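The chain contents come next:
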Amino acid sequence: MSGAVEAAVTRAFREEWGQIVATLIRVTGDWDLAEECAQDAFAQALQRWPRDGIPRRPGAWLTTTARNRATDRLRREAVGAAKLRQAAMLSVPDEPGDDGAAASGVPDDRLRLMFTCCHPALAFEARVALTLRTLAGLTTAEIARAFLVAEETMSKRLVRAKGKIRDAGIPYRVPPAHLLGERTASVLGVLYLLFNEGYTASGGADLVRQNLTAEAVRLARLLVQLLPDEPEAGGLLALMLLHDARHATRLDAAGELVTLEDQDRARWDAGKIAEGVRLLEAAQRQARPGPYQIQAAIAACHATAPTAADTDWAQIAALYGQLSRLVPSAVVKLNRAVAIGMRDGPAAGLALVEQLQASGELAGYHLLPATRADLLRRLDRRDEAALAYREALELASTDAERRYLTRRLSETTSS
Amino acid sequence: MRYLLLVCGEDQAHKAMEADGSFVASCHAWADEMRRRGMLLATGGLRPPGDATTVRVRDDQVLLSDGPFAETKEFIAGFNLVECSDLDEALEVTAKHPAARYGTIEIRPLVPT
């Protein structure tokens, strides 16, 4: 019984926290009160559900409990007419539309909350932290650990961000049509960063960080559901799933990096790949391409190739070309050079990499010499390859990357 | 909500504004549009920081000094006090101000009274 209650509370927390906080912020306008009352509601659930049984609709039970708590608090603290009015508003029963908000055209409170957390007038790291705290329900301590800062620093960051939302008048709403594109890009950027932070984490000590990947996927799913007309939301979720499908094969048993070419494709998650491809196709049917859809299309080329040799490098090279027209980034150009090296042979790739090197755009980026080294190795220009591997080794920032490059270097210099 | 829009910039930005023959007219057009929308509470351009005097009172003594509060390369060249529904509206009208193309405009929300 108690196991079942705990499981129910845990599930309700994952599924309902963001909704409860978002609703309470709308009706009270007070972010701290909303969080505290949501927390109280979950604490009460742990006490009362073992005795009274798990309610039929846990979310509704929790929302009502949190609202009642907020009403009590506001009544007790009421100092003026405005606060009393707020308290009165809170005791109004749910509007009939509350359950099917998205279907009825009333914006979902969670969508308001997402856009407000990711408002461009907030610093990027504050957007990330607020999203994790208010939408995903991570504690300040967990967020601090995930971003390797002291809990006090993270706490100050959250307090300051909430203060600015309140005092500078950042509106709690889904932006109007003329702002929607740019504001959606900010939300997508926050979710993508969360995903990458989690994805690049490794090993047991990094469990909190790995959890960020799951949170990012969950929030992206929610965004796709709430913004069905935004193909980039579907593109981002597809991109996340297609990468996540390969997560288990990125490192071998000893924790060493395994390149895409050498990964065990039988261990890729076929369910995630299929879902990613389906989402991508649905997004592409809206005929409004964007950077996330293109990156997802590239990931899909890799994920659906039965063997490394079957990879459609011509298509990947074309997609990187398309991407670099939308996002003029030197890293994208480097990836395009790799794809062209696979399509037309290493000499063609090397010519592009050397152009990039001459431009100086990627000075200090270890993957530039690492890519050059790889192309030189395939051309059997061993001495130059060894030199480039050494250069990459000096610039690489993680141990796993350094070990990988050392292995390659010794292969190049031996025999 | 009320917001104070502080038009800031360094000397170079200031000179570029002066060199732009249509700058003053476009500022007037911005202010007219803001008045039409009922959003402009006050507006003004400021004399350069060299004309500033700062005042402090310590131990009942009035202390004056010549020059601005802070000696920085950037200085406040003008201000607009506006009434907006929220920060998004303040961002919208600020981005339309002609000075934003040369200098920087700082948006400061007022403490409610």
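All values derive from a computational prediction rather than experimental measurement.

Student: How do you make sense of the overall build of chain A when you look at a structure like this?
Tutor: Scanning chain A for helices and strands turns up 20 helices and zero strands. A burial count over chain A gives 40% of its 415 residues as buried. Contacts in chain A between residues far apart in sequence, at least 24 positions, make up 58% of those at least 6 positions apart.

Student: What's the story with the overall build of chain B in this structure? I'm lost.
Tutor: Assigned secondary structure in chain B consists of three helices and six strands. Taken from N to C terminus, the helices and strands of chain B fall in the order β-α-α-β-β-β-β-α-β. For chain B, with 113 residues in total, the buried portion stands at 17%.

Student: Explanation requested: the packing of helix α14 (residues 291-304) of chain A against helix α15 (residues 313-326) of chain A in the structure shown.
Tutor: All names here are of chain A. The N-to-C vectors of α14 and α15 enclose an angle of 165°; their axes lie 10 Å apart at closest approach. Accordingly, the angle class assigned to the pair α14 and α15 is roughly antiparallel. Handedness of the α14/α15 crossing: left-handed. Contacts between α14 and α15 involve Pro291, Ile294, Gln295, Ala297, Ile298 and Cys301 on the former and, on the latter, Gln315, Ile316, Leu319, Tyr320, Gln322, Leu323 and Leu326. The residue makeup of the contact of α14 with α15, split by class, is ten nonpolar, three polar and no charged.

Student: Looking at this model, I keep getting lost on the interface of chain B and chain A. Mind explaining?
Tutor: Reports often express the size of an interface as the amount of accessible area lost when the parts come together. In this assembly, five residues from chain B lie in contact with seven residues from chain A. When grouped by side-chain class, the residues that make up the side of chain B that touches chain A number three nonpolar, no polar and two charged.

Student: Which parts of the structure should I look at to understand the confidence of the model for chain B?
Tutor: Note that predicted coordinates carrying low pLDDT should not be read in detail. Mean pLDDT over chain B stands at 93; residues scoring 70 or higher make up 100%. Across the whole predicted complex the pTM is 0.87, and at the interface the ipTM reaches 0.89.

Student: Teacher, can you tell me more about helix α17 (residues 346-359) of chain A here?
Tutor: Since there are 3.6 residues in each turn of an α-helix, residues three or four apart along the chain are aligned in direction. With 14 residues, α17(A) extends 20 Å between its outermost C-alpha atoms, agreeing within 8% with the 20 Å of an ideal straight helix rising 1.5 Å per residue. Here the buried face of α17(A) lies against α16 (330-344) and α18 (367-378) of chain A.

Student: I tried to follow α14(A) on my own but got confused; where do I start?
Tutor: Residue and element names in this part refer to chain A. With 14 residues, α14 should cover 20 Å at 1.5 Å per step; its first-to-last C-alpha distance of 20 Å lies within 8% of that length. Of all 14 residues that make up α14, twelve are buried, and the element is covered over most of its length. If you check which residues of α14 are buried, you get Pro291, Tyr292, Gln293, Ile294, Gln295, Ala296, Ala297, Ile298, Ala299, Ala300, His302 and Ala303. Contact partners of the buried residues in α14: α10 (177-200), α12 (231-244), α13 (270-284) and α15.

Student: Help me understand the nonpolar core, please; the structure alone is not making it clear to me.
Tutor: Within soluble globular proteins, side chains that are nonpolar generally end up buried alongside one another. Residue and element names in this part refer to chain A. One finds Leu191, Ala220 and Leu242 to be the most contacted residues of the largest nonpolar core, which totals 121 residues. Counting contributing residues per domain, this core is built from domain 1 (2-92) and domain 2 (364-415), each supplying no fewer than three. Every residue in contact with Ala220, bar those within four places of it in the chain, is listed here: Leu191, Ala233, Leu236, Leu237 and Met240.

Student: What exactly am I supposed to notice about unusual backbone geometry here?
Tutor: Negative phi values dominate among residues other than glycine, just as trans dominates among peptide bonds. Residue and element names in this part refer to chain A. Residues other than glycine seldom take positive phi values, yet Leu148 does so here, at roughly 55°. The backbone of Asp380 sits at a positive phi, close to 65°, despite the residue not being glycine. Here Asp380 lies in the loop between α18 and α19 (382-395).

Student: What exactly am I supposed to notice about the environment of Leu6(B) here?
Tutor: All names here are of chain B. Note on placement: Leu6 falls in strand β1 (residues 2-9). For Leu6, a count of 17 C-beta atoms within 10 Å corresponds to the partly exposed category. Along the chain, Leu6 and Gly44 lie 38 residues apart, while their C-alpha atoms are 10 Å from each other. If near-sequence neighbours (up to four positions away) are discounted, Leu6 is found in contact with Ile76, Phe79, Ile105, Glu106 and Arg108.

Student: Is there a simple way to think about the sheet that holds strand β2 (residues 40-45) of chain B in this case?
Tutor: Strands in a sheet are paired, the pairing made by backbone hydrogen bonds, and the direction either parallel or antiparallel. Residues and elements named next belong to chain B. Within the open sheet, the four strands sit side by side as β2-β5-β1-β6. Their pairing is antiparallel. The sheet is open, and its two edges are formed by β2 and β6 (104-109), each paired on a single side. Pairs of neighbouring strands in the sheet enclose a mean axial angle of 20°, with direction left out of account. Alignment of β1 against β6, held across six bridges, turns out to be antiparallel. Paired with Val7 across the strands is Ile105, a residue of β6.

Student: Would you explain the packing of α12(A) against α14(A) in this entry?
Tutor: A pair of packed helices is captured by two measures, namely the crossing angle of their axes and the spacing between those axes. All names here are of chain A. Direction vectors running N to C along α12 and α14 enclose 30°, while the axes themselves pass 8 Å from each other. Here α12 lies roughly parallel to α14, going by the angle between them. Here α12 runs over α14; the crossing is left-handed. Contacts between α12 and α14 pair Pro231, Glu232, Gly235, Leu236, Ala238, Leu239, Leu242 and His243 from the former with Tyr292, Gln293, Gln295, Ala296, Ala299, Ala300 and Ala303 from the latter. The residue inventory of the contact of α12 with α14, partitioned by class, reads ten nonpolar, four polar and one charged.

Student: Just checking my understanding: could you explain the pairing of strand β5 (residues 75-83) of chain B for this structure?
Tutor: Consecutive residues of a regular strand have side chains that alternate between opposite faces of the sheet. All names here are of chain B. Where β1 and β5 come together, eight bridges link them in antiparallel fashion. By the bridge assignment for β5, Leu4 is matched with Leu81. In terms of strand pairing, β2 meets β5 through five bridges, oriented antiparallel. Paired with Leu40 across the strands is Val82, a residue of β5.

Student: Explain the confidence of the model for chain A to me, please; I cannot follow it from the model alone.
Tutor: On average, chain A scores 90 in pLDDT, and the residues at 70 or more come to 90%. Within chain A, α13(A) carries the highest mean pLDDT (98), whereas helix α5 (residues 101-104) of chain A carries the lowest (44).

Student: Would you explain the environment of Asn68(A) in this entry?
Tutor: Residues and elements named next belong to chain A. Checked against the element boundaries, Asn68 lands in helix α3 (residues 58-77). Look at Asn68 and you get partly exposed, because 16 C-beta atoms sit within 10 Å. Placed 314 residues apart in sequence, Asn68 and Arg382 show a C-alpha to C-alpha distance of 73 Å.

Here is what the cut-offs are and how they apply
Residues numbered from 1 in each chain as written. Chains lettered and ligands numbered in written order. Predicted model: local features only at pLDDT ≥ 70, side-chain atom pairs only at ≥ 80, totals over all residues. Helix = DSSP H or I, 4+ residues; strand = E, 2+ residues; numbered from the N terminus. Buried ≥ 20, exposed ≤ 12 C-beta atoms within 10 Å, placed from the backbone. Contact = placed C-beta atoms within 7 Å. Axes fitted to C-alpha atoms, helices over the stretch in contact; angles between N-to-C directions. Parallel < 35°, antiparallel > 145°, perpendicular 65-115°, else oblique. Left-handed = near helix turned anticlockwise from the far one by under 90°. Nonpolar A, V, L, I, M, F, W, Y, C, P; charged D, E, K, R; others polar. pLDDT = per-residue confidence, 0-100. Expected span 1.5 Å × (residues − 1). Core = buried A, V, L, I, M, F, W, Y, C linked by C-beta atoms within 7 Å. Domains from an automatic or database assignment. Pairing = 2+ DSSP bridges.

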